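Architecture and fold: a report
Here is how the chains run, residue by residue.
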Amino acid sequence: MRIVKKASYYKSRSKFVIKDFRNGKSITITQSEVFHQGDELTVKQKRENIANEKSVKARVDSLNKQREDSFAGLNNNDIKHIRFNDWIGIMINKRVLEAGDRDITKTIAKYKAVKKKFNEFLIENGYESNIWLHDITLDISEDFLTWLKNYNPNVRGRLKSSTIYGYFKHYKYIIARAVKKRYLDSYRADVDLPKFTSKQREGLTIEEINNLERTPFDVTTARLFFLFSCYSGIPFKEAQNLKFKDFNKYEDGYMMLYKRNKTQKFIKVAVNEKALSYYKEAKRLYFENINSNVFPNLNYSGNLNHKIQDWVNRANINKKITPHSARASFALNLYRASKDPKLVQESLGHEDYKTTQRYVNAAMECQINGAKTFNNWVNSKEKETKIIHLSSV
């Protein structure tokens with residue numbers, strides 16, 4: 001067992017993790033490497049656990065105090081001066097260099113969105129538009145959050161709570177990084193993030209997907225993608241880049257290999273018969289060579305959302321559906337059929353089960369609503385029977 005003297009620890013995902021700092025490098029250590037494990041520990045082992053935990057906590061407190069003291073001793077000559085917009089530009093360039101071949105378009109867009117909103121806030125409230133970082137105060141951060149909550153209420157309506165959360169979360173990160181790089185002498189965004197409830201992923205049942213299949217839709221590529229995704233679970237972004245060479249035939253059927261844009265990991269899944277039928281239809285229409293896109297000219301837009309929603313409405317389905325709902329539909333029906341959350345997680349390619357949980361919760365809610373609907377139908381039939389019985393007396 002290892003005695004940790006220089007470490008910081010934190011609780012992450014309900015798992016105790018310790019980081020041992022040696023020669024400037026961080027080594028992750030599991031709980032069992034530092035503390036004795038098990039239900040039946042000796043008195044000596046329990047005392048060692050308590051001593052080790054106190055040692056770790058004392059070290060963490062010491063490191064935090066050193067950090068505070070180092071900032072308290074700074075003067076204006078020690079602080080590097082830079083404007084807010086320039087600092088975001090530096091952060092974006094650093095992310096691009098670190099990303100390599102990985103697509104970080106969304107990450108860059110978030111930084112730029114925060115930059116735009118923060119400058120709008122500054123101008124509306126009489127501040128200099130491209131403010132110096134050292135001029136940002138805690139009051140300005142608090143006012144920025146309040147401004148986001150009341151953003152253009154008479155023009156576009158209020159921002160969604162999830163949008164406000166996203167803007168301010170990235171703003172806090174930008175300020176925190178500035179502190180670490182000594183552009184600020186203290187953390188000036190120490191404001192609690194706004195609370196919001198993450199919406200569950202609404203999907204379509206098998207019966208509703210069957211209704212869609214029978215309903216005409218003039219955008220052929222979008223139709224093929226949506227139905228293929230309903231039966232395969234492939235995300236929209238990955239479907240845009242999916243090529244015919246990504247499918248391989250085996251004795252038992254077809255396998256599909258695609259690369260997750262978020263994690264840059266390859267996902268290999270078996271293609272079921274329903275998904276295969278739409279793949280073959282796309283191949284008949286669009287195949288030129290193995291490097292051809294399975295779903296050519298598939299672009300995400302508000303117009304596409306509107307057309308898909310119109311298609312859903314004409315199929316007499318009363319749900320708000322977007323292209324991303326196809327993947328949620330796959331998760332919904334897979335969970336209903338298997339009752340195995342782990343299988344859903346592996347099929348969707350999620351690293352963290354918390355991401356899968358949103359899909360599983362939606363499936364469970366769908367089952368509960370179905371049970372309520374059935375109970376209401378049974379109760380209504382019982383009432384009709386009683387009325388008929390009384391009328392015959």
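Whatever comes next refers back to the structure up there.
Anyway, here's the lowdown on the structure attached to this text. In this text the structure is predicted, and so the values were computed from the model without any measurement.

Definitions and cut-offs
- Residues numbered from 1 in each chain as written.
- Predicted model: local features only at pLDDT ≥ 70, side-chain atom pairs only at ≥ 80, totals over all residues.
- Heavy atoms only, no water.
- Phe/Tyr/Trp six-rings, centres within 6.5 Å; stacked < 30°, edge-to-face > 60°.
- Helix = DSSP H or I, 4+ residues; strand = E, 2+ residues; numbered from the N terminus.
- Buried < 20%, exposed > 50% of the residue type's maximum accessible area, 1.4 Å probe, protein only.
- Expected span 1.5 Å × (residues − 1).
- Arc of directions from axis to C-beta.
- Contact = heavy atoms within 4.5 Å.
- Patch = residues over 30% accessible without salt bridge, like charges linked within 9 Å, V, L, I, M, F, W, Y side chains within 5 Å.
- Areas by Shrake-Rupley, 256 points an atom, 1.4 Å probe, with all protein chains shown as cover.
- Salt bridge = Lys/Arg side-chain N within 4 Å of Asp/Glu carboxyl O.
- Lys, Arg positive; Asp, Glu negative; His and termini not counted.
- Charge placed at Lys NZ, Arg CZ, Asp CG, Glu CD.

A few words now on the packing of aromatic side chains. Any aromatic ring pair is given by two values, namely how distant the centres are and how the planes are angled relative to each other. Applying the stated criterion to the full structure yields 25 aromatic pairs. Taking 6.4 Å as the distance between ring centres and 10 degrees as the angle between the ring planes, the aromatic pair formed by Tyr231 and Tyr278 counts as stacked. Taken as a pair, Tyr231 in helix 7 (residues 220-232) and Tyr278 in helix 9 (residues 273-286) lie far apart in primary sequence, 47 residues in all. On the basis of relative accessible area, Tyr231 is assigned to the buried category, the value being 9%. Both rings, one in Phe244 and one in Phe287, keep their centres 5.2 Å apart while their planes meet at 75 degrees; by these two values the pair is edge-to-face. One end of the pair, Phe244, is in the loop between helix 8 (236-241) and strand 4 (247-250); the other, Phe287, is in the loop between helix 9 and helix 10 (302-314), and 43 residues separate them in sequence.

The terminal C-alpha atoms of helix 2 (residues 84-99), which comprises 16 residues, lie 23 Å apart, in line with the 22 Å expected from a rise of 1.5 Å per residue. Here helix 2 has its buried residues at Phe84, Asn85, Trp87, Ile88, Met91, Ile92 and Ala99. Each buried residue of helix 2 lies within a common arc of 160 degrees when the element is viewed along its axis, so the set occupies one face. Those residues of helix 2 hidden inside the fold are in contact with helix 3 (105-124) and helix 5 (161-180). In the segment just after helix 2, Gly100 is the residue with positive phi, at about 65 degrees.

This next bit is on a positive patch on the surface. Positive charge collects at one region of the surface, where Lys80, Lys180, Lys181 and Arg182 lie side by side. For Lys181, the position within the fold is in the loop between helix 5 and helix 6 (206-214). On the basis of relative accessible area, Lys181 is assigned to the partly exposed category, the value being 33%.

The full count for this structure, using the stated rule, is eight salt bridges. Between Arg83 and Glu128 there is a salt bridge, with its nearest N and O atoms 3.0 Å apart. With a gap of 45 residues between them, Arg83 in the loop between helix 1 (43-72) and helix 2 and Glu128 in the loop between helix 3 and helix 4 (138-149) connect regions that are remote in the sequence. When its relative accessible area of 42% is taken as the criterion, Glu128 is described as partly exposed. In this structure, the salt-bridge partner of Glu213 is Lys274, at a minimum N-O distance of 3.2 Å. One end of the pair, Glu213, is in helix 6; the other, Lys274, is in helix 9, and 61 residues separate them in sequence. The exposure class of Glu213 is buried, given its relative accessible area of 19%. For Lys274, a relative accessible area of 37% corresponds to the partly exposed category.

Nothing here speaks to function; it is geometry throughout.
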